[in-house]
Amino acid sequence: MWKVVLGIVVVGLVAYKMFGARPRESVSATAGGADVYDGYLEVRMTMQGPQREIELVAFEERPNAADCQNKSAGAQIVALCPKGSNGVSCALKSVECSRELEPRYRKMFDRQPASVHYAHLQVDDPSGTPRRGLVLGWGMTEQESMLICNAIRSSAAAKAGTRVTCI
């Protein structure tokens with residue numbers, strides 16, 4: 001059970017890192033007209049424990065173009081994964097930017113129910129247009145997916161301007 005809780009904490013940190021912990025320079029540059037990718041950033045990684053594997057996926061709408069060009073967002077997320085004697089390891093599967101999004105994820109951006117619980121994030125952007133994101137895990141029970149969503153909500157509660165809804 002403690003490994004599931006550890007996984008929940010990792011996912012919360014992932015969500016905070018992707019959507020809530022933007023450096024001040026990036027936020028100012030975005031407001032000042034820096035390049036914004038008109039599409040979606042998709043980060044996939046697997047979290048492997050001694051007894052099971054969970055695939056995590058996070059999407060960000062309209063990410064900074066630099067995150068798409070150098071794929072730095074994926075490396076930052078995998079670096080958050082705890083390593084050591086707890087038997088948990090994480091591996092980055094892919095970081096992609098695309099203009100299109102699968103219909104099931106598009107529905108999630110519109111806050112429609114899905115087969116798993118997921119975290120819908122909305123961050124106030126200085127440009128006036130809110131940015132949205134999703135974090136979810138595949139291969140989990142309903143209770144585990146709700147635990148992860150609630151952990152993301154808890155970690156985002158400290159960040160002003162970030163709202164997380166568990167759906």
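Refer to the structure presented above.
Predicted, not measured: the structure shown is a model, and the values here were computed from it.

I would appreciate a short explanation of the sheet that holds strand β2 (residues 53-61) in the present structure.
In sheet architecture, strand pairing relies on hydrogen bonds along the backbone and comes in two forms, parallel and antiparallel. Strand order across the open sheet formed by six strands is β3-β1-β2-β5-β4-β6, with antiparallel pairing between neighbours. Either end of the sheet is taken by a strand with one partner, and the two such strands are β3 (89-98) and β6 (162-166). The mean angle between the axes of side-by-side strands here comes to 15°, regardless of whether they run parallel or antiparallel. Running over the sheet, helix α6 (residues 142-156) touches β4 (119-123), β5 (131-138) and β6 and is turned about 165° from β6.

Looking at this structure, I do not really get the nonpolar core. What am I missing?
Side chains that are nonpolar tend, in soluble globular proteins, to be buried together. Membership of the largest hydrophobic core comes to 17 residues, with the highest contact counts inside it found for Met47, Leu56, Ala119, Leu121, Val135, Ile152 and Val164. Those elements that provide at least two residues to this core are β1 (40-48), β2, β4, α6 and β6. Counting residues per element, this core draws most heavily on α6, which supplies four residues. In this structure valine 164 touches Ala119, His120, Leu121, Ile152, Arg153 and Ala156, once residues within four positions along its chain are discounted. Counting residues in hydrophobic clusters, the runner-up holds twelve residues, among them Val57, Phe59, Tyr105 and Met108.

Parameters at a glance
Residues numbered from 1 in each chain as written. Predicted model: local features only at pLDDT ≥ 70, side-chain atom pairs only at ≥ 80, totals over all residues. Heavy atoms only, no water. Pairing = 2+ DSSP bridges. Helix = DSSP H or I, 4+ residues; strand = E, 2+ residues; numbered from the N terminus. Axes fitted to C-alpha atoms, helices over the stretch in contact; angles between N-to-C directions. Contact = heavy atoms within 4.5 Å. Core = buried A, V, L, I, M, F, W, Y, C linked by side-chain atoms within 4.5 Å. Buried < 20%, exposed > 50% of the residue type's maximum accessible area, 1.4 Å probe, protein only.

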